[in-house]
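Structural features, examined
These are the residues of each chain, in order.
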Amino acid sequence: VLPLTTAAARRLPLVLHLNNRALAGSGAALGSGHEAVHMSADSGCFTLFANNVQQAVDFSLIARRVTELSLIPGVVAMDGEQTAGAGQDVKLPSPAQVREFLGNNDEAIEVPNEAQKLLFGEKRRRVPRWHDLDQPALNGALQDSHSYALSSAARAPFFDRDLPVLLEQALTEFARLTGRHYGVVTSHNAEKAKLLLVAQGSAVETAIAVAEHLRKKEKVKIGVIGLHSLRPFPGAKLAELLAGKRAVAVLERLDTPLAGD
C-alpha cells in the first residue's frame with residue numbers, strides 16, 4: 001500500500017493491475033478474496049473493478065486515459081481464478097481505436113482543471129515531465145507536519161474533485177469508439193425489484209444468473225447492482241438505485257477480523 005500512497009501523492013499517471021488472490025494467513029491459500037483491493041482502496045488511487053477479462057482489458061484503456069488527465073494513479077482490479085487466470089473470449093480494440101482514444105504521450109493537451117493551470121498553464125504534455133532539467137522541481141522531499149497536512153488537505157479540492165467527471169467522459173468516449181458501454185454502477189432489473197443483490201467483480205455475473213433463475217422459476221422480484229468504481233465511490237447513484245427496496249443483500253468476498261457486524 002505504501003508505494004501506491006507515494007505514487008498518488010506525487011501525481012504519477014500510472015495504471016496498475018491488482019490480481020485478487022486469497023491472502024496467506026496461517027498458510028498459503030488457493031482461491032480469490034477481496035482483502036487486497038480493500039487494503040489498497042484508501043491509497044489515493046482510483047479503482048475500477050472488472051467483472052471479466054473483456055472488462056479488464058477495456059478498463060485498462062479507460063484507466064490510462066483518466067490517469068493521464070487527472071494525474072491520479074489508477075488500479076484495475078480483477079478476481080484471480082475467475083478473471084486473471086481464466087480463458088475467455090476478448091474483443092481487442094484496434095490500434096487505430098487505441099491511438100484515437102489515448103493519443104500520444106508527448107502531445108500537448110489542454111489542462112482539464114484550474115489546479116493544473118497553476119502548475120502548467122493552459123496546455124501541458126499529456127504525460128508530464130516531472131523530472132525536467134530545464135524546469136527543475138523538488139519532488140519527494142521530507143515535509144514538516146504542517147506542510148504535509150496542507151498538501152493532504154489540498155488533494156480533494158484541487159485534484160480529486162474532478163475525477164468523477166473525467167471518468168464519466170472517458171466511459172462515454174470509449175463507448176463511442178467501441179460500442180461497449182460501461183458505467184461506474186450497472187443495474188440488471190433493478191427498477192421494479194423488491195430485493196437487490198449488490199456485488200463487484202466476477203460475482204456480478206453469477207448474481208445475474210441466479211436472479212434470472214429466481215425471476216423465472218420462483219417469480220421473485222429480484223435485481224442485481226454491479227459496482228465497478230470502488231474509488232471514487234458512486235454513493236449518489238447507488239443510493240438512487242437502492243431507494244424504496246424492501247431488502248438489499250451485499251455479496252462480497254471479504255473477511256474483516258475484529259470489525260464487528
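Moving on, we come to the packing of aromatic side chains. Taken as a whole and judged by the stated rule, the model has four aromatic pairs. Between Phe101 and Phe174, the ring centres sit 5.5 Å apart and the planes meet at 75 degrees, which makes this aromatic pair edge-to-face. Linking Phe101 in helix H5 (residues 95–102) with Phe174 in helix H8 (residues 163–178), this pair joins segments that are 73 residues apart in sequence. When the centroid spacing of 5.6 Å and the interplanar angle of 50 degrees are considered together, the rings of Phe120 and Trp130 count as tilted. With a gap of ten residues between them, Phe120 in helix H6 (residues 114–120) and Trp130 in the loop between strand S5 (123–125) and helix H7 (145–158) connect regions that are remote in the sequence. Members of the aromatic cluster, joined through ring pairs, are Phe59, Phe101, Phe174 and Tyr182. Over the ring of Phe159 we find Arg11, and its NZ or CZ is 4.0 Å from the ring centre.

Oppositely charged side chains can form a pair if their charged atoms are brought close together. Following the criterion strictly, the structure yields ten salt bridges and no others. Residues Arg126 and Glu107 are paired through a salt bridge, measuring 2.7 Å at the closest nitrogen-oxygen approach. Note that Arg126 is positioned in the loop between S5 and H7 and Glu107 in the loop between H5 and strand S4 (108–110), a separation of 19 residues in sequence. Connected through salt bridges with shared partners, the residues Glu100, Glu173 and Arg176 form a single ionic network.

What follows concerns the sheet that holds strand S9 (residues 229–231). Sheets are built from strands that pair by backbone hydrogen bonding, the pairs being arranged parallel or antiparallel. Overall, mixed pairing links the four strands, which are arranged S1-S3-S2-S9 in an open sheet. This sheet does not close on itself; its edge strands, each paired only once, are strand S1 (15–20) and S9. Mean inter-strand twist for the sheet, computed between neighbouring axes without regard to direction, equals 25 degrees. Bridge count between S1 and strand S3 (residues 74–79): six bridges; the pairing is parallel. If you follow Leu18 over to S3, its bridge partner there is Ala77.

The next point concerns the packing of H5 against H8. The contact between H5 and H8 brings their axes to 11 Å, and the two run at 155 degrees. Judged on the interaxial angle alone, H8 and H5 are roughly antiparallel. Crossing angle aside, the handedness with which H5 passes H8 is right-handed. Only Ala170, Glu173, Phe174, Arg176, Leu177 and Thr178 of H8 make contact with H5, whose side of the interface consists of Gln97, Glu100 and Phe101. Its residues assigned to classes, the contact of H5 with H8 shows four nonpolar, two polar and three charged.

Locating Ser40 in the fold gives a position in helix H2 (residues 35–40). Ser40 gets classed as buried once you look at its relative accessible area, which sits at 3%. When neighbours within four sequence positions are excluded, Ser40 is seen to be in contact with Val1, Leu4 and Leu18.

A separate point is the pairing of S3. The buried count for S3 comes to six of six residues, which makes it a mostly enclosed element. Burial along S3 is two-sided: Gly74, Val76 and Met78 and Val75, Ala77 and Asp79, pointing in opposite directions, are all buried. For the crossover from strand S2 (residues 46–49) across helix H3 (residues 53–70) to S3, the handedness is right-handed.

Residue Pro232 is reached from Arg231 by a cis peptide bond, and omega for that bond is 0 degrees. With respect to the helices and strands, Pro232 occurs in the loop between S9 and helix H10 (235–242). Residue Asn189 is not a glycine yet carries a positive backbone phi of 55 degrees.

What counts and how
Position numbers for residues start from 1 in each chain and track the written sequence from start to end. Residue-level local features of this predicted model are given only where pLDDT is at least 70; pairs of side-chain atoms are given and counted only at 80 or more, and the full residue set underlies all totals for whole chains, interfaces and linings. The side-chain quantities take in all heavy atoms of the structure and omit both hydrogens and water. Ring pairs shown here join Phe, Tyr and Trp side chains whose ring centres sit within 6.5 Å, with only the six-membered ring taken for Trp; geometry is labelled stacked below 30 degrees between planes, edge-to-face above 60, and tilted in between. Note on conventions: DSSP H or I runs of at least 4 residues are helices, E runs of at least 2 residues are strands, and numbering of each starts at the N terminus. Whether a charge lies above a ring is judged from NZ of Lys or CZ of Arg, which has to be within 6 Å of the ring centre and within 35 degrees of the ring normal. Whenever a carboxyl oxygen of Asp or Glu lies within 4 Å of a side-chain nitrogen of Lys or Arg, that contact is scored as a salt bridge. When DSSP finds two or more bridges between two strands, those strands count as paired. The angle between two axes is taken between their N-to-C directions and runs from 0 to 180 degrees, where each axis is a line fitted to C-alpha atoms and a helix contributes only its stretch in contact. Angle categories: roughly parallel below 35 degrees, roughly antiparallel above 145, roughly perpendicular from 65 to 115, and oblique for all the rest. By definition, turning the near helix anticlockwise from the far helix through less than a right angle yields a left-handed crossing, and turning it clockwise yields a right-handed one. Note on definitions: a residue-residue contact is assigned when non-hydrogen atoms from the two residues lie within 4.5 Å. Throughout, the ten residues Ala, Val, Leu, Ile, Met, Phe, Trp, Tyr, Cys and Pro are labelled nonpolar, Asp, Glu, Lys and Arg are labelled charged, and all others, Gly among them, are labelled polar. Categorising residues by exposure relies on relative accessible area from a 1.4 Å probe, with only protein chains included: less than 20% of the type maximum marks a residue as buried, more than 50% marks it as exposed, and the intermediate range marks it as partly exposed. Think of it like this: strands point away, you trace from the first strand over the helix to the second, and a clockwise trace means the crossover is right-handed.

Interpretation note: all reported values are geometric properties and have no functional meaning in isolation.
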